[in-house]
Amino acid sequence: MNNFNHFYDSKERREVLSVIVINKDSVLSRIVDLFSARGYNIDSLTVAPIPDSEYSRITIVTIGIARTIDQIVKQLNKLVPVLKVIEHRNVIEKDTVLIKIPLDQSLSDVDVLARAYNGHIQNVTDDAIVVSATDEPDRILDLIKVIEKYKPLEIVRSGVVAMER
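Residues numbered from 1 in each chain as written. Predicted model: local features only at pLDDT ≥ 70, side-chain atom pairs only at ≥ 80, totals over all residues. Heavy atoms only, no water.

Draft legend 1. How the structure looks around unusual backbone geometry. With a phi angle near 55°, D52 is a residue other than glycine that sits in the positive phi range. Looking at the element boundaries, D52 is found in the loop between β2 (44–49) and β3 (55–64). Residues other than glycine seldom take positive phi values, yet K151 does so here, at roughly 50°. Checked against the element boundaries, K151 lands in the loop between α5 (137–147) and β8 (154–157). Classification of K151 by relative accessible area gives exposed; the value is 57%. (Helix = DSSP H or I, 4+ residues; strand = E, 2+ residues; numbered from the N terminus. Buried < 20%, exposed > 50% of the residue type's maximum accessible area, 1.4 Å probe, protein only.)

Quick look at the structure:
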């Protein structure tokens with residue numbers, strides 16, 4: 001093995017996988033068990049039924065070296081309810097965040113910040129506002145860091161969804 005291949009094989013990378021499965025009980029737990037039993041990491045996991053079908057799409061973001069990613073894909077393909085595993089190369093990724101901020105903060109500043117990240121105010125109560133934003137995962141992380149100065153009461157992320165371009 002030359003040095004380049006060794007470097008490529010040993011460098012961790014982020015991988016987005018879409019797993020098409022038959023929408024049945026315990027399918028998700030079997031997939032999570034596969035990751036858990038082998039010590040693989042799941043960075044993000046989202047599941048939703050595919051409209052007008054008996055299938056669901058599970059989007060998994062994982063981080064590992066090339067050999068580990070290859071093993072994950074091989075193991076996923078062996079699971080009976082799995083129909084297809086897609087390793088994305090040219091992908092559109094989106095993540096959504098809901099952030100609850102105390103009402104004593106500047107409403108206009110929070111609104112401007114949310115809009116900078118493709119978001120807006122969703123709800124206003126007597127004591128808090130809730131903003132949402134949907135953007136690329138890295139940008140959502142940036143928003144979360146920036147919005148910390150407004151002392152958020154709660155932050156909830158959806159997880160990554162992805163689609164090949």
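Draft legend 2. Region of interest: the sheet that holds β3. Taken together, the 4 strands give an open sheet; going across it, the order is β2-β3-β1-β4, and neighbouring strands pair in antiparallel fashion. Each having just a single partner strand, β2 and β4 (82–87) make up the two edges of the open sheet. Each neighbouring strand pair of the sheet contributes to a mean axis angle of 20°, computed without reference to strand direction. With 10 bridges joining them, strand β1 (residues 13–22) and β3 adopt antiparallel strand pairing. Looking across to β3, one finds that R14 is bridged to I63. (Pairing = 2+ DSSP bridges. Axes fitted to C-alpha atoms, helices over the stretch in contact; angles between N-to-C directions.)

Draft legend 3. View of the pairing of strand β5 (residues 91–102). Direction of pairing for β5 relative to strand β9 (residues 161–164): antiparallel, over a ladder of 4 bridges. Bridge assignment links I92 to a residue of β9, and that residue is M163. Summarising the sheet, β5 and strand β7 (residues 128–135) pair through 8 bridges and their orientation is antiparallel. Following the sheet pairing, I99 is matched in β7 by V131. Relative to β8, β5 runs antiparallel, the two being bridged by 4 bridges. Directly across from V97, in β8, lies its bridge partner R157.

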